[in-house]
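Structural description and commentary
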Amino acid sequence: MKKHNFSAGPSILAREVIENTANAVLDLNGIGLSVMEISHRGKDFQAVMDETVALFKELLNIPEGYQVLFLGGGASLQFCMLPYNMLNKKAAYLETGVWAKKAAKEAKFFGEVNIVASSADKNFSYIPKGFTIPADADYFHITTNNTIYGTEIFEDFDSPVPLVADMSSDIFSRPVDVSKYAMIYGGAQKNLGPAGVTFVIVREDVLGKVDRPIPTMLNYQTHIENGSMFNTPPCLPIYTCMETLRWLKKLGGVKVMQQKNQEKAALLYDEIERNELFMGTAAKDSRSLMNICFVLKDEYKELEQEFFAFTAAKGMSGLKGHRSVGGFRASTYNALAKESVQALVEAMQEFEKKHKK
Ligand SMILES: *Cc1c(COP(=O)(O)O)cnc(C)c1O
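Residues numbered from 1 in each chain as written. Predicted model: local features only at pLDDT ≥ 70, side-chain atom pairs only at ≥ 80, totals over all residues. Heavy atoms only, no water.

Attention now moves to the site of the ligand. Taken together, 13 residues are adjacent to the ligand, and Ser76, Thr147, Asp166, Gln189 and Lys190 come closest. Between the ligand and Asp166, the relevant distance is 2.6 Å, taken from a nitrogen atom to a side-chain nitrogen or oxygen of the residue. Residue Lys190 places a side-chain N or O atom 2.6 Å away from an oxygen atom belonging to the ligand. Out of a free accessible area of 390 Å², the ligand has 87% covered by protein chains. Per-element accounting of the shell around the ligand gives the leading share, 4 residues, to helix H3 (residues 74-86). (Near = heavy atom within 4 Å. Polar contact = N/O pair within 3.5 Å; in protein donor to acceptor, adjacent residues only side chain to side chain. Areas by Shrake-Rupley, 256 points an atom, 1.4 Å probe, with all protein chains shown as cover. Helix = DSSP H or I, 4+ residues; strand = E, 2+ residues; numbered from the N terminus.)

Structure below.
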């Protein structure tokens, strides 16, 4: 049966990306060795690293002065590395969910944290507006896509201080004006590759400004100086990221992807609004194109388990909402085909016919 993978993360990858990775695991480019069993410093893996960095720069149109790094530790280690390297006295954070809170929590180990605005009052179902970014902060941190609640920031803010974004779950889903950011980072496992590698895009001139000594492994400059090979990088996940970026380039890049993502999201949001049984949980002007959250209306709440079973029987997986929101979450990352969204919409319609009071 055709599977429809709506998992929030680790999540769907293009079939050809998985197949090409499987081939490279068996034999990289016909060299007779697996990508897993060669030196990261040899020319065969260096070519993989170089192409991955080059595709990042090309597809995101990254200007001069930025470095692209591939590190371990997940986005969660960046919550700590960022303030270690960039927070002298005070940093500003926009609190749009659990990931944003976790990022701010680490910054408190290094200095004062100013939460400029929060949507905690309504369980993070919207993106706050009309906040002021303090001009004396060392940086301002945002989480562009809030994977758990299905809200997203689409605007590349003008910030009076260096802007830093966790783009774990929406990187490469749309064009980004990288020049407005001092740093963009994320775990690969939502929209780019398998778990195990973290990307960091950083403007070099924002580094080297804190007074504290930074342990070698946690210092961005170490990784810049060593081309992400100070220690052994996560070679296989990086290889898969490269395959995803080749696939993305072949499809036409981030602008084409944005169009596809908008079409998929519109299809599902329209059905959530039309359908008598369901309702969305995110504020309309903040709705994510990547994670679409919805619940059964109160009068139909008892049908929740039945809807999971109903969709599972149709080959759909990963639809369970995060435990802090409940209900359903359909993640519609780049690699998810429109036909999978169409299949979910049809399942919702069929379910409505069966149960509408
Ligand atoms: C998944 C996720 C994280 C956590 O990433 P790890 O790589 O598991 O540390 C952080 N931020 C956002 C927005 C996420 O979606």
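Backbone-to-backbone hydrogen bonds pair the strands of a sheet. The strands run either parallel or antiparallel. One open sheet accounts for 7 strands, arranged E2-E10-E9-E8-E5-E3-E4; its pairing is mixed. With one partner strand each, in any of the chains shown, strand E2 (66-71) and strand E4 (112-118) form the two edges of the open sheet. When the angles between neighbouring strand axes are averaged without regard to direction, this sheet yields 20°. As paired strands, strand E8 (residues 163-166) and strand E9 (residues 183-187) are joined by 3 bridges and run parallel to one another. (Pairing = 2+ DSSP bridges. Axes fitted to C-alpha atoms, helices over the stretch in contact; angles between N-to-C directions.)

Attention now moves to the sheet that holds strand E11 (residues 278-280). Taken in spatial order, the 3 strands make up an open sheet running E11-E12-E14, and their pairing is antiparallel. Of all strands in the sheet, those bounded by a partner on one side alone are E11 and strand E14 (328-331). Taking each pair of neighbouring strands and ignoring which way they run, the sheet shows an average axis angle of 35°. One ladder, built from 3 bridges, connects E11 with strand E12 (residues 291-296); its direction is antiparallel.

In this section: the nonpolar core. Core analysis: the biggest nonpolar cluster contains 89 residues, and Phe56, Phe140, Phe172, Phe294 and Leu344 have the highest contact counts within it. A total of 8 residues in this core trace back to one element, the largest contributor, which is helix H6 (residues 235-251). Domain assignment of the residues forming this core places at least three in each of domain 1 (15-251) and domain 2 (253-355). Discounting residues that sit within four places of it in the chain, Phe56 has contacts with Asn61, Ile62, Val68, Phe70, Phe172, Leu192, Phe199, Ile201 and Leu245. Counting 31 residues, the second-largest nonpolar core is a separate cluster that includes Phe110, Ala182, Leu207 and Leu218. (Core = buried A, V, L, I, M, F, W, Y, C linked by side-chain atoms within 4.5 Å. Buried < 20%, exposed > 50% of the residue type's maximum accessible area, 1.4 Å probe, protein only. Domains from an automatic or database assignment. Contact = heavy atoms within 4.5 Å.)

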